[in-house]
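# Inside the fold
Listed below are the residues making up each chain.
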Amino acid sequence: AKVDGFKAAAAQAAVELVKPGMRLGLGTGSTAYHFVEAVGVLVRNGLDVTCVPTSEATRSHAEKLRIPLSSLDETPQLDLTVDGADELDDQLRLIKGGGGALLREKIVATASDRMVVIADASKVSETLGSHPLPVEVVRFGLRATMRLVEALAAEAGCEGDIRLRAGQGDLPFVTDQGNLIVDCAFHKISEPEVLAFALKRVPGVVEHGLFLGLADLAIIAGPGGVKAMRR
Ligand code: DER
């Protein structure tokens, strides 16, 4: 409840950045939920914005709020994406994907002139890795892909258990894109850029949850209030 208040405060601060006519990327997760709610209020009060959702969950939330939606096909360049993070460091390097939306989130963030992260203070870490790193993989060759992820991550100095994210019953979690997620508990990721490069060498890996060089501002809310972190 307290943490949710922090998430709402961070989202409220981010919505100050929204200007009439903006093309927005709408993030996914419980913090971004508050941002979408706040955009819904602005739209109800007449604000003209065009929004691209980063997940089917965010799409249906935005539709309920009658937020005007578009796609990256119709609107390939966005002004601003606001999204949450599972973890972030002081260089605004992020771990994302806890909600399973990392692929669309990264595509939308990359298509945006700016990406602003909103989070409660518990997400800030000295070194990334206390949150497992989600990696989106195709179903074909899954076990071979997982073996290769472990081997190349180890070469990049990261070791730990990796596991297929579970869905309903004994079925695996399936992303909006129809892929699977492997959560990698690497504990300490001392060189995120090196790990990111290694993971992209695995043919079965579609994308990973390290967002490097994408966020230019983080709005962090905690017991001491709301503060901005810049790269
Ligand atoms: O899945 C995601 O990438 C979410 O944005 C996640 O990183 C943050 O979710 P939360 O705001 O519910 O903690």
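Under an unreviewed UniProt entry, the name given to the protein is Ribose-5-phosphate isomerase A, and the organism recorded is Methyloceanibacter marginalis. Looking at the Catalytic activity (unreviewed entry) heading of the UniProt record, one finds this comment for the protein: "aldehydo-D-ribose 5-phosphate = D-ribulose 5-phosphate". Under the UniProt heading Subunit (unreviewed entry), the entry covering the protein gives this text: "Homodimer."

### Describing the environment of I181
Following the sequence through the fold, I181 ends up in strand β9 (residues 180–184). Considered as a pair, I181 and Q12 are 169 residues apart in the sequence and their alpha carbons are 31 Å apart. Contacts of I181, omitting those with residues within four sequence positions, involve G100, L102, P134, V135, E136, R163, L164, R165, F173 and T175.

### Considerations on the site of the ligand
In the neighbourhood of the ligand, 15 residues make up the surrounding shell, with T28, S30, T31, G99 and K123 lying closest. Here T28 contributes a backbone N or O atom positioned 2.7 Å from an oxygen atom of the ligand. Residue E105 places a side-chain N or O atom 2.7 Å away from an oxygen atom belonging to the ligand. Surface burial for the ligand is 91%, taken as the share of its 350 Å² of free accessible area covered by protein chains.

### A word on the UniProt feature "active site" (unreviewed entry) in the protein
Following the UniProt record, one finds the feature "active site" (unreviewed entry) at E105. Inspection of the secondary structure puts E105 in helix α4 (residues 102–110). Accessibility expressed as a relative area gives 3% for E105, which makes it buried. In this view, E105 contacts T28, T54, D83, K96, G97 and F211; residues no more than four positions away in its chain are not counted. Within the structure, E105 has its side chain in polar contact with the side chain of K96 (distance 3.4 Å).

### What to know about the sheet that holds β9
Spatial strand order, β8-β9-β7-β10: four strands in an open sheet with antiparallel pairing. Whereas interior strands pair on both sides, the edge strands pair on one side only; in this sheet they are β8 (162–164) and β10 (205–208). The average angle at which neighbouring strand axes cross in this sheet is 25°, direction not considered. Bridge count for β8 against β9 is three bridges, and the pairing is antiparallel. By the bridge assignment for β9, L164 is matched with V182.

### Brief notes about the side chain of T28
Along the chain, T28 turns up in the loop between β1 (23–26) and α2 (30–44). For T28, a relative accessible area of 14% puts it in the buried group. Side-chain polar atoms of T28 contact the side chain of T54, separated by 2.6 Å. Looking at T28, its side chain comes within polar contact range of the side chain of T58, at 3.2 Å. If we ignore the near neighbours within four places in the chain, the residues touching T28 are T54, S55, T58, D83, A101 and E105.

### Looking at the confidence of the model for the protein
Looking at the protein, the pLDDT average stands at 98 and 100% of residues meet or exceed 70. Model confidence for the complex is summarised by a pTM of 0.98, with the ipTM given as 0.98.

### Description of the packing of aromatic side chains
In the structure shown here, the tally under the stated rule is zero aromatic pairs. Cation over ring: K96 sits above F211, and NZ or CZ is 5.6 Å from the ring centre. The side chain of K106 reaches across the aromatic face of F211, ending 5.1 Å from its centre.

### As for the pattern of salt bridges
A side chain with one charge can pair with a side chain of the opposite charge if their charged atoms come near. Per the counting criterion, the structure on display carries 12 salt bridges. When the shortest N-O distance is used, the salt bridge between E56 and R104 registers 2.7 Å. Pair noted here: E56 is in helix α3 (residues 56–64) and R104 is in helix α4, with a separation of 48 residues, a long-range link. With a relative accessible area of 22%, R104 lands in the partly exposed category. A salt bridge links E155 to R201; the shortest N-O distance between them is 4.0 Å. Placement of the pair is E155 in helix α5 (residues 142–155) and R201 in the loop between α6 (192–199) and β10, with a sequence separation of 46 residues. E155 gets classed as exposed once you look at its relative accessible area, which sits at 63%. Connected via shared salt-bridge partners are E56, R59 and R104.

About the cut-offs
- Within each chain, residue numbers correspond to sequence positions counted from 1 in written order.
- Only residues with pLDDT of at least 70 get local features here, since the model is predicted, and only at 80 or more are side-chain atom pairs given and counted; chain-wide, interface and lining totals rely on the full set of residues.
- As a rule here, side-chain values come from all non-hydrogen atoms in the structure, and water together with hydrogens is ignored.
- UniProt positions are given in the numbering used here, feature names are shortened, and annotations may be inferred rather than shown by experiment.
- Numbering of helices and strands starts at the N terminus; helices are DSSP runs of H or I of at least 4 residues and strands are runs of E of at least 2.
- Residues count as neighbours in contact if any of their non-hydrogen atoms are within 4.5 Å of one another.
- By convention in these notes, a residue is near a molecule or strand provided one of its non-hydrogen atoms lies within 4 Å of it.
- In protein, a polar contact means a hydrogen-donor-capable atom and an acceptor-capable atom, both N or O and within 3.5 Å, with residues adjacent in sequence counting only if both atoms are side-chain atoms; elsewhere, any N or O pair within 3.5 Å suffices.
- With residues, only the protein chains shown are counted as cover, and all accessible areas are computed by Shrake-Rupley using a 1.4 Å probe.
- Buried residues are those whose accessible area, probed at 1.4 Å on protein chains only, stays under 20% of the maximum for their type, while exposed residues exceed 50% and partly exposed ones sit between those limits.
- Strand pairing follows a simple DSSP-based rule, namely that at least 2 bridges must link the two strands.
- Interaxial angle, 0 to 180 degrees, is taken between N-to-C directions of lines fitted to C-alpha atoms, where a helix line uses only the stretch in contact.
- The pLDDT value expresses, per residue, how confident the predictor is, ranging between 0 and 100.
- Two aromatic rings, drawn from Phe, Tyr or Trp (for Trp, its six-membered ring), form a pair once their centres lie within 6.5 Å of each other, and the interplanar angle then sorts them: stacked below 30 degrees, edge-to-face above 60, tilted otherwise.
- Counted as over-ring charges are cases with an Arg CZ or a Lys NZ within 6 Å of the ring centre that also lie within 35 degrees of the ring normal.
- Any carboxyl oxygen of Asp or Glu within 4 Å of a side-chain nitrogen of Lys or Arg constitutes a salt bridge here.

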